[in-house]
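Structure assessment
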Amino acid sequence: MQTRHFGNTDMEITTLGLGTFALGGEGWPAAWGPQDDDASVATIHRALERGMNWIDTAAVYGFGHAEEIVARALKGRSERPFIFTKCSRRPTPDGKIVGTLKAASIREEVEDSLRRLQVDVIDLYQIHWPNPDEDIEEGWTTMAELKAEGKVRHIGVSNFNVNQLERAYKIAPVSSLQPPYSLLRRDIEKDVLDFCLQHNIGVIVYSPMASGLLTGKWDAQRVQNLPDTDWRKRSADYQGPRLERNLELARLLQTIGQAHGRSAGEVAIAWTLRHPAVTAAIVGGRHPGQVDEIIGAGDFRLSEQEIAQIEDFVQTHP
């Protein structure tokens, strides 16, 4: 798989990396429903076998469970991928999630992540959300200290806007940004991606397939059959007229992909990778077969005509 230089780091990363959001399993507010741990481990193994060289996770996914699954999957492997994880989202005693960027909390989190991941240093440590906004400076100062102390190799952020990136940059360089980006979420095209290009910030986008909605495998009945513990059942993108429009878009991606022997999901991912500011895309998978279904996106390029065809649909179906 093709690799690209990752921002101002020393890493060359593949254009696809495995996301572990769904591998956290049940028992936390953003769960994707039941998940078999053995299937999770097998999915990570398949991603590495197919050429991905980085894994993205977070302490909040399953309240630490996803990080533990990553460690289990990598145990005993001589060649290890880059490991990216995130901090700043903490569980409350009643099982909810709150944001904190206090220095003591981030320091506690990094130690917990190092222990769960069973590593001596984290390749990329990221602030998960800029929340609370007034504590961004304290949080980013702490991240820079962790890098200087050797606990993490590089530091980045997720879900930051341009103003928040500028505030962080006054304290220490930002190596990476992890934003949502897909045909359903294009806000970062307005200014964020240009800022990242100008400041050599690597961009790894998440949800390029809109949490599976653009894979061409959905219909209204499947949405209806989602377990109540799957957050997508409550998402506006999966309901009413918006769902009908999104399914029609997925069918267009499917048609474009068929001409190349590619899936709708691969077309959706390739669309995000077309942007010059985007280094790579995070792709999720809950079983090994899903990795095989999207792996081709890493080297697939859409033609200008196909990009225009997709854009025409988006403009005529807002």
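Since the model is a prediction, treat every value here as computed from it, not as a measurement. (Residues numbered from 1 in each chain as written. Predicted model: local features only at pLDDT ≥ 70, side-chain atom pairs only at ≥ 80, totals over all residues. Heavy atoms only, no water.)

Here the UniProt feature "domain: NADP-dependent oxidoreductase" (unreviewed entry) sits at residues 16-313. Summarising residues 16-313: 40% helix, 15% strand, and an end-to-end C-alpha distance of 26 Å. (UniProt positions renumbered as here; feature names shortened; annotations may be inferred. Helix = DSSP H or I, 4+ residues; strand = E, 2+ residues; numbered from the N terminus.)

So, on to helix α9 (residues 264-273). Structural remark: α-helix, 3.6 residues per turn; residues separated by three or four positions point the same way. Counting buried residues in α9 gives ten out of ten residues, a clear majority hidden from the surface. Every buried residue of α9 is accounted for by Ala-264, Gly-265, Glu-266, Val-267, Ala-268, Ile-269, Ala-270, Trp-271, Thr-272 and Leu-273. (Buried < 20%, exposed > 50% of the residue type's maximum accessible area, 1.4 Å probe, protein only.)

With respect to the secondary-structure elements, Thr-272 resides in helix α9. Looking at Thr-272, its side chain comes within polar contact range of the main-chain oxygen of Ile-269, at 2.7 Å. Those residues within four positions of Thr-272 in sequence are excluded, and the remaining contacts are Tyr-181, Ser-182, Val-205, Pro-208, Val-278 and Ala-281. (Polar contact = N/O pair within 3.5 Å; in protein donor to acceptor, adjacent residues only side chain to side chain. Contact = heavy atoms within 4.5 Å.)

What follows deals with the environment of Leu-193. Mapped onto the secondary structure, Leu-193 falls in helix α6 (residues 192-198). The spatial distance from the C-alpha of Leu-193 to the C-alpha of Gly-216 is 27 Å, given a sequence separation of 23 residues. Excluding residues that lie within four positions of it along the chain, Leu-193 makes contacts with Tyr-181, Ile-188, Val-203, His-275, Ala-277 and Val-278.

With that settled, consider the environment of Arg-72. In this fold, Arg-72 is placed in helix α2 (residues 65-74). For the pair Arg-72 and Asp-38, spaced 34 residues apart in sequence, the C-alpha to C-alpha distance is 9.9 Å. If near-sequence neighbours (up to four positions away) are discounted, Arg-72 is found in contact with Asp-37, Asp-38 and Val-41. For Arg-72, the side chain forms a polar contact with the side chain of Asp-38, separated by 2.4 Å.

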